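Examining the three-dimensional arrangement
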Amino acid sequence: MEHSTPLITILAAGFSMALAFGFIAERLKTPALVGYLIAGILIGPGSPGFTADVELGKQLSEIGVMLLMFGVGLHFSTNDLMSVKKIAVPGAITQMTISTIFGILLAKCWGWSWGASLIVGLSLSCASTVVALKALEAKDLINAIPGKITVGCLVVEDLVTVLVLVLLPPLSTLLGDNAATATAAVATETKSIWLMIGETLLQVSAFIAVMLIAGRRILPWALLQVAKTGSRELFTLAVIASAIGIAYLAALLFNVSAALGAFFAGMVMRESAYSQRAAEESLPLRDAFSVLFFVSVGMLFDPKILIQQPWHVLGVIFIILICKPLIACSLILFSRYPLHTALTVSACLAQIGEFSFILAGLGISLGLLPQDGLSLILAGAVISIAINPIVFALVPTLQRWILERSAFARKLEQRPDPFAELPMQTERKFLEGHVVVVGYGVVGRSICQALSKQEITFVIVDQNREKVEKLRQEDLVAVAGDASEAAVLIQAHIAKAAMLVIATPHPLNMRNIADIAKTLNPKIEIIVRTEKITEITELDSEEAKTWKIFSSQDSLAKSMTDYVLHRFAPLEKNQHRKKISLEKTDNKVKKFFTKFKKDKDKDKDKDKDNSEEE
């Protein structure tokens, strides 16, 4: 008996090929994402041999988009964005605008319509959050200032792209392929088009209002009720049902894209006390469908585009790998951040990914973008993602090369920064015998608050200029810069400091900072923080003797142990007291019965004597 099993076929082929080529990609030190795209290309209609169901692949990719956007919303943090808002918000918007203009000009040179050109420009302007975060995690830079700026820029790019996804459908009439039709539409239907845009924005606003007012209360409450059942399966089902269900209802009731619905579902679920558990429980399914998303996108790629239109492909690669990084680097340097930070952020943004595919797919569905446009964007994504680890690894070498050969770059590095040095009116008590605290995160803030209560003077060193500016407004003594550079520690007067507290959890920077501090002040006491106990074993024996090391895991274990012993200590004392009390009682009872027996014996003797006398 024959069975038609296209769903099982595409799942089996997609997952198997993705596993094989993802493994090969990781072994070659490239993101697994490249392997997933190649797997899709091989099982797609553009390659000979087995061909999976493309239409079914598109539906699976829709689920992948929902879960990807749900994950973005679940991890969306306004605090991370606000900490670098002065550089991330204008920087990301400016970079996207200029990159989009370059993309439009490139596509117009090919003779494409304004609608197709706009889709190409927008697709080339937004970087892949997945690829950038993996690159930052590999270098342990997520919590460093380059990582925070990159994450801030990515969040802004994601939000702008979501807005574009909302506005593209009502604007598609104006951006059509036929110029005469578009002109007629502008002349005769401008009013109705603006009504469509207004209606769309009204529907989006209504959906956002419902999610923020009702959803913020109902969804966390419902998640709490499911969690109370103690069933892991029901909890996971509740998370997935919320993500896909809200995305579907958003499209059905409010005519809003499913991607936007899933994004806000994640944002609202983040308000719940179980948001961390929701992220962990849904991660395997999100990962699985995100793999299918990239596989299905690869299925749409036509490899012949590399041979038929090589100059088009080179133009796309030029914008991604040259124009975008140069724009980002210039904006960050203009904001007075060091060259290393600018190059690191630029390397992270020198690629395109998931949102580019979503935009291109929407452009094709609206009839704005030809199939070649998606193939060119896919080619740019595969090549840029594959090259990105190499670009990232070249950052230190490129920095040295630029500084050695460019007097202008050296001048930029040495330019005066009001936050990179202490003010002239700084009191003398902050310049000698003080504590230098590197890093003003959660740990550093707690240490500084404790020092303030004890009236111990300290100087804060932090890479975030905006944070240093805010600290100075609060009348705290702070210096902006990388503490692994001698000039920054010199500004903090490390040579006359009594103690150095390294409150940042980066092992490599910790060693560099400590070495510089010991060179400038051999007698200084160094306190360091590590995230894992295993990092302590990597330190040299001499370092271990001179440093006071605190591990997050070790401190947590000690705190819990102390609490348990503290709780049981009174019980032991009470038991000891009860034991002493019982012993005293037993002695009293024994004395009483001894005395009673003696008295009774005396009475017997007395009675005996009386009877003898009689």
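Before reading further, recall that the structure is shown in the block above.
The structure reproduced in this document is the subject of the present report. (Residues numbered from 1 in each chain as written. Predicted model: local features only at pLDDT ≥ 70, side-chain atom pairs only at ≥ 80, totals over all residues. Heavy atoms only, no water.)

Bringing the overall build of the chain into the picture now. The number of helices and strands found in the chain is 27 helices and six strands. Among the 614 residues that make up the chain, the fraction classed as buried is 46%. When contacts within the chain are restricted to residue pairs at least 6 apart in sequence, those whose partners lie at least 24 apart make up 73%. Put simply, the chain shows about 32800 Å² of open surface, and 63% of that area lies on carbon and sulfur atoms. (Helix = DSSP H or I, 4+ residues; strand = E, 2+ residues; numbered from the N terminus. Buried < 20%, exposed > 50% of the residue type's maximum accessible area, 1.4 Å probe, protein only. Contact = heavy atoms within 4.5 Å. Areas by Shrake-Rupley, 256 points an atom, 1.4 Å probe, with all protein chains shown as cover.)

Under the counting rule described, the total for this entry stands at five salt bridges. Salt-bridge contacts for Lys429 lead to Glu427; the nearest nitrogen and oxygen are separated by 3.8 Å. Exposure remark for Lys429: the relative accessible area of 46% places this residue in the partly exposed category. Connected through shared salt-bridge partners, Arg232, Arg277 and Glu281 make up one network. (Salt bridge = Lys/Arg side-chain N within 4 Å of Asp/Glu carboxyl O.)

So, on to the pairing of strand S1 (residues 435-438). The two faces of S1 match: Val435 and Val437 on one face and Val436 and Val438 on the other face are all buried. For S1 and strand S2 (residues 458-462), the ladder comprises four bridges, and the chain directions are parallel. Bridging from a neighbouring strand, Val435 pairs with Phe458 of S2. Read as a crossover between parallel neighbours, the route from S1 over helix H21 (residues 442-453) to S2 is right-handed. Here S1 runs beside strand S4 (residues 499-502); their pairing, made up of four bridges, is parallel. When the bridges of S4 are listed, Val438 appears paired with Ile502. (Pairing = 2+ DSSP bridges. Right-handed = clockwise from strand over helix to strand, strands pointing away.)

Moving on: the packing of aromatic side chains. Taken as a whole and judged by the stated rule, the model has five aromatic pairs. Geometrically, the ring pair formed by Trp110 and Trp112 is edge-to-face, given 5.1 Å between the ring centres and 70 degrees between the ring planes. Of the aromatic side chains, those joined through ring pairs into one cluster are Phe293, Phe294 and Phe357. Over the face of the ring belonging to Phe235 we find Arg277, whose NZ or CZ atom lies 4.0 Å from the ring centre. (Phe/Tyr/Trp six-rings, centres within 6.5 Å; stacked < 30°, edge-to-face > 60°. Lys NZ or Arg CZ within 6 Å of the ring centre and 35° of its normal.)

Turning our eyes to something else, we now look at helix H6 (residues 114-125). The end-to-end C-alpha distance of H6, which contains twelve residues, comes to 16 Å, matching closely the 16 Å that a straight helix rising 1.5 Å per residue would cover. Of all the twelve residues making up H6, ten are buried; the element is thus mostly covered by neighbouring parts of the structure. When we look at burial in H6, the residues that qualify are Gly115, Ala116, Ser117, Ile119, Val120, Gly121, Leu122, Ser123, Leu124 and Ser125. Buried residues belonging to H6 abut helix H5 (85-109), helix H8 (145-171), helix H15 (310-334), helix H17 (354-365) and helix H18 (371-393). (Expected span 1.5 Å × (residues − 1).)

Residues other than glycine seldom take positive phi values, yet Glu455 does so here, at roughly 60 degrees. Tracing the backbone shows Glu455 in the loop between H21 and S2. Unusually for a residue other than glycine, His493 sits at a positive phi of about 55 degrees. Look at His493 and you get partly exposed, because its relative accessible area is 31%.

Now for the environment of Trp221. Tracing the sequence through the fold places Trp221 in helix H10 (residues 190-228). Distance from Trp221 to Met269, taken between C-alpha atoms, is 10.0 Å for residues 48 residues apart in sequence.

Quick look at the packing of helix H13 (residues 275-299) against H17 now. Where H13 contacts H17, the axes come no closer than 11 Å and their chain directions differ by 50 degrees. Classed by the angle they form, the pair H13 and H17 counts as oblique. For the crossing formed where H13 meets H17, the hand is left-handed. Within the contact between the two elements, H13 uses Phe293, Phe294 and Val297 and H17 uses Glu354, Phe357 and Ile358. (Axes fitted to C-alpha atoms, helices over the stretch in contact; angles between N-to-C directions. Parallel < 35°, antiparallel > 145°, perpendicular 65-115°, else oblique. Left-handed = near helix turned anticlockwise from the far one by under 90°.)

A few words now on the packing of H5 against H8. Across the interface, H5 lies against H8 with an axial gap of 8 Å and an inter-helix angle of 55 degrees. Comparing the axis directions of H5 and H8 gives the class oblique. In this structure, H5 meets H8 at a crossing whose hand is right-handed. Of the residues in H8, those in contact with Ile87, Ala88, Val89, Ala92, Ile93, Gln95 and Met96 of H5 are Ile149, Gly152, Cys153, Val156, Glu157, Val160 and Thr161.

Moving on to the state of the cysteines. In total, this model carries zero disulfides according to the counting rule given. With no disulfide of its own, Cys153 lies closest to Cys348 among cysteine sulfurs, the gap being 9.9 Å. (Disulfide = S-S within 2.5 Å.)

Read these as geometric descriptors, not functional statements.
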